[in-house]
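Listed below, chain by chain, are the residues.
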Amino acid sequence: MSGVDRATRARPEGPLRLALPRGALFESSLDLLDRVGVDTSEPRGEGRSLIFKTPELTLVTMRPSDVPTYVEAGAADLGITGKDVLLEQADRVFYELLDLNYGACRMVLAAPVDDDHLDEYERRLGAIRIATKYKRIAEDFFERTGRRAEVIEVKGSVELAPVSGLADAIVDLVDSGRTLRDNGLEVREEIVECTARLIANRVAHKLRAAEIDDLSARLAEASR
Amino acid sequence: MTHPIPPGSRDILPDEMRELRALQTRLAEVFDRFGYGEVATPTVEYDDVLAMAGEAGAPAAHRFFDSGGDLLAMRSDMTVPIARLVANRFQEAELPLRFFYNARAYRAVRPQRGQMGEFFQAGIELVGADAPGGTVEAIEVLAAALDAAGLGRAVVGLGDASLYRSVLTEVGVPEPGRAKLLNLLAGRDLVGLAAALDRLELSDEDRLLLGALPGLRGGREVFDRARELGADRVAGALDPLEQTFAGVEGRGIGARVALDLGLLRDLGYYTGAILEVYDPALGHVLGGGGRYDELMGRLGKPLPAVGFALFLERLHVAQAEEERLGEGQGS
């Protein structure tokens, strides 16, 4: 129970607004929409627009990590983003409706291939130093497993941190694992498996229940 | 040179204050018309008294010691202070008791989120009135308050805090699995809920019932759909909600109320009916409430009770937004 969010003005009327993540999940998300009959030719084009209107849905494209922000405030009724983003922003309020089963990747603890002293760092120096873009997920993981870590938040390439001495290990999302290998890192522990999820604004989930349930059922069918 | 104020706090300037005050006055008129009397309670109370709401109550965000070394806390809502007031001052009173308030409450804010740590609430507490009659009265007052605020399109979501729990008990989900499922539902994690149900040993019918029941939302037809799913196997599970909804329909405000069988609120003191308020112009809830039939007992005076609180600042934004939309349609 925390403070009261200031209300966002002007929740849009008209077709449902779906927040779509640009980046790794973008293509698969558009493919999924194709399968439920939404016209995605415009967002697939070369234009610089960020909003695309179709008869059934207004598609709003943004960074994956902004999706929960828009959906919580009601600036979008629905959103698609990765479970990693949802876990990292677990304090936001929204409904998590569907596992869309694509964009699978793993959140892992990775360390330099030749370094087998991780436990020793904690025992002798008080903590393992972890660099990550996912501060909350990393802190929760170490707390849950009863270890002490000093979590250092970085914004760019996390793989650089152990190589340059900023941290002993990293917590990051891996797909094929190639970036890890190229930087002399290997997976030590798996934290959680992440896929794309459909989320809904709390108010839209009630006031536009029938539309959301219908779309959600079709998306569930198409993503099975 | 400017001087900082704490995060989550703010100054209110005349134009906004005038409109907030007007809104408070309109709400007070409605509460007064229904026979509710205004009360004020201390902003700061003893922490252990407020904590009698139980660990699931809204925790106080600001605590400090007085000169005698006692731990004080700033109230996080008005329900617990009014329950305390009833237990202290109305021991022999004729029931039910009807109180309303226009007051500020205080909560912790998360950094960088623009949240309000100090905010106005307007609401009622109806103490000593059983379900369903008391609940129906509270919903009627709530609908009238929303009308008075100019929010003719606002909807009251109505759920039942004990519904899902009793269905879980009936189909034989043991603790601690039950608490875990309820936490997932309260956290609105329907993916996690479905995954947790898949891991339990359940018959196909029970899995379908537990998976689909929390998704049922809408009008009276919700009860039929719940029965189709087999909810009537759980004797009496739907009865309280059906009786409340029938009462609301009897008052002619059935269309203002949206049933929601998955509704659970974060505050743990709710026992039966739960209320949430939505307006199409806003992405956040305007307020909420429900029955808290056990809270008074924890304060030593067992009485059934129901109430709701509206966030005044959000109500104000919704009001301005509805006005703007109305003008747009007129031109």
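Reading the values: the criteria
- Residues numbered from 1 in each chain as written.
- Chains lettered and ligands numbered in written order.
- Predicted model: local features only at pLDDT ≥ 70, side-chain atom pairs only at ≥ 80, totals over all residues.
- Helix = DSSP H or I, 4+ residues; strand = E, 2+ residues; numbered from the N terminus.
- Contact = placed C-beta atoms within 7 Å.
- Nonpolar A, V, L, I, M, F, W, Y, C, P; charged D, E, K, R; others polar.
- Pairing = 2+ DSSP bridges.
- Buried ≥ 20, exposed ≤ 12 C-beta atoms within 10 Å, placed from the backbone.
- pLDDT = per-residue confidence, 0-100.
- Arc of directions from axis to C-beta.
- Domains from an automatic or database assignment.
- Axes fitted to C-alpha atoms, helices over the stretch in contact; angles between N-to-C directions.
- Core = buried A, V, L, I, M, F, W, Y, C linked by C-beta atoms within 7 Å.

S.K.: Would you mind going over the overall build of chain A with me for this structure?
M.R.: Within chain A, the secondary structure is distributed over ten helices and twelve strands. Counting only C-alpha atoms, chain A reaches 60 × 40 × 30 Å along its principal axes. Across chain A, every contact between residues at least 6 apart in sequence was considered, and the portion connecting residues at least 24 apart equals 67%.

S.K.: So what exactly am I meant to see when it comes to the environment of Glu46(A) here?
M.R.: For Glu46(A), the location among the structural elements is in the loop between helix H2 (41-44) and strand E3 (51-53). Between the C-alpha atom of Glu46(A) and that of Glu72(A), which follows or precedes it by 26 residues, the distance is 29 Å.

S.K.: Please clarify how the interface of chain A and chain B should be interpreted in this entry.
M.R.: When the parts of a complex come together, some accessible area is lost, and that lost area is often used as the size of the interface. Every contact between the two is made by 29 residues of chain A and, on the other side, 37 residues of chain B. Looking at the side of chain A that touches chain B, the elements that each hand over two or more residues are strand E1 (4-5), strand E6 (95-99), helix H9 (202-207) and helix H10 (209-222) of chain A. The leading source of residues in the side of chain A that touches chain B is E6(A), at five residues. Partitioning the side of chain A that touches chain B into residue classes produces 13 nonpolar, five polar and eleven charged. Sheet topology places E1(A) next to strand E6 (residues 115-116) of chain B; two bridges connect them, and they run antiparallel. Within E6(B), the position partnered with Asp5(A) by the bridge is Gln115(B).

S.K.: So what exactly am I meant to see when it comes to unusual backbone geometry here?
M.R.: The phi angle of most residues is negative, glycine excepted, and most peptide bonds adopt the trans form. Note the cis peptide between Leu95(B) and Pro96(B), where omega equals -5 degrees. With respect to the helices and strands, Pro96(B) occurs in the loop between helix H3 (79-89) and strand E5 (97-106). Phi angles above zero are rare outside glycine, and Asn101(A) is one such case at about 65 degrees. Positive phi, normally seen in glycine, also occurs at Arg188(B), with a value near 60 degrees. Residue placement: Arg188(B) occurs in the loop between helix H6 (177-186) and helix H7 (190-199). Taking the number of C-beta atoms within 10 Å as the measure of exposure, Arg188(B) has 20 and is therefore buried.

S.K.: Sorry if this is basic, but what is going on with the confidence of the model for chain B here?
M.R.: Detailed reading of the predicted model is not advised wherever pLDDT is low. Mean pLDDT over chain B: 91, with 96% of residues reaching 70 or higher. What the predictor reports for the complex is a pTM of 0.91 with an ipTM of 0.90.

S.K.: Please clarify how H7(B) should be interpreted in this entry.
M.R.: Helical geometry note: an α-helix holds 3.6 residues per turn, so side chains three or four residues apart project in the same direction. All of the buried residues along H7(B) are Leu190(B), Val191(B) and Leu193(B). All buried residues of H7(B) fall inside an arc of 165 degrees around its axis, so they share one side. Facing away from the buried surface of H7(B) by more than 90 degrees, the exposed residues are Ala195(B) and Arg199(B). Looking at the buried positions of H7(B), the neighbouring elements they touch are E6 and strand E12 (196-200) of chain A together with H6 of chain B.

S.K.: Would you mind going over helix H5 (residues 163-170) of chain B with me for this structure?
M.R.: Residue and element names in this part refer to chain B. Residues of H5 that are buried include every one of Leu-163, Tyr-164, Val-167 and Leu-168, and no others. Buried residues of H5, viewed axially, fall in a sector of 130 degrees; they line one side. Positive backbone phi, at 85 degrees, marks Gly-172, one or two positions downstream of H5.

S.K.: Mind showing me how you'd approach the domain arrangement of chain A here?
M.R.: All names here are of chain A. Here chain A is partitioned into domain 1 (16-103 + 195-222) and domain 2 (105-194). Here the C-alpha centre of domain 2 lies 30 Å away from the C-alpha centre of domain 1. Residue-level contacts link eight residues of domain 1 with eight residues of domain 2. For the side of domain 1 that touches domain 2, the element with the most residues is helix H4 (residues 83-88), which contributes four residues. Considered class by class, the residues forming the side of domain 1 that touches domain 2 number two nonpolar, three polar and three charged.

S.K.: Could you clarify how one ought to interpret the domain arrangement of chain B in this entry?
M.R.: Residues and elements named next belong to chain B. For chain B, the domain assignment lists domain 1 (15-157 + 278-331) and domain 2 (162-264). Listed per partner, the contact involves eleven residues of domain 1 and twelve residues of domain 2. Residue assignment for the side of domain 1 that touches domain 2 shows that the elements contributing at least two residues are helix H4 (133-148) and strand E8 (155-160). If one sorts the elements of the side of domain 1 that touches domain 2 by residue count, H4 sits on top with six residues. A class-by-class count of the residues in the side of domain 1 that touches domain 2 yields seven nonpolar, three polar and one charged.

S.K.: What should I look at first to understand the sheet that holds strand E3 (residues 63-65) of chain B in this one?
M.R.: Within a sheet, neighbouring strands are paired by backbone hydrogen bonds and run either parallel or antiparallel to one another. Residues and elements named next belong to chain B. Judged by pairing direction, the sheet is antiparallel, and its three strands sit side by side in the order E2-E4-E3 without closing on themselves. If you trace the sheet from one side to the other, it starts and ends with strand E2 (44-46) and E3, each paired once. Going across the sheet, the axis of each strand differs from the next one's by a mean of 35 degrees, ignoring polarity. The sheet contact formed by E2 and strand E4 (residues 71-74) spans three bridges and is antiparallel. Of the residues in E4, the one forming a bridge with Val-44 is Met-74.

S.K.: Just checking my understanding: could you explain the pairing of E5(B) for this structure?
M.R.: A regular strand places its side chains on the two faces of the sheet in alternate fashion. Residues and elements named next belong to chain B. Within E5, eight of the ten residues are buried, leaving the element largely enclosed by the surrounding structure. Summarising the sheet, strand E1 (residues 37-38) and E5 pair through two bridges and their orientation is parallel. For Gly-37, the partnering residue across the bridge sits in E5 and is Phe-99. Both E5 and strand E7 (residues 118-127) contribute to a ladder of ten bridges, which runs antiparallel. Bridge assignment links Phe-99 to a residue of E7, and that residue is Glu-125.

S.K.: Just checking my understanding: could you explain the nonpolar core for this structure?
M.R.: Generally speaking, a soluble globular protein has its nonpolar side chains buried in company with each other. One finds Ala19(A), Leu142(B), Leu286(B) and Leu310(B) to be the most contacted residues of the largest nonpolar core, which totals 140 residues. A total of eight residues in this core trace back to one element, the largest contributor, which is H4(B). With residues near it in sequence (within four places) discarded, Leu142(B) still touches Val156(B), Leu275(B) and Phe308(B). One finds Ile137(A), Phe141(A), Phe142(A) and Ala149(A) within the second-largest nonpolar core, a separate group that totals 25 residues.

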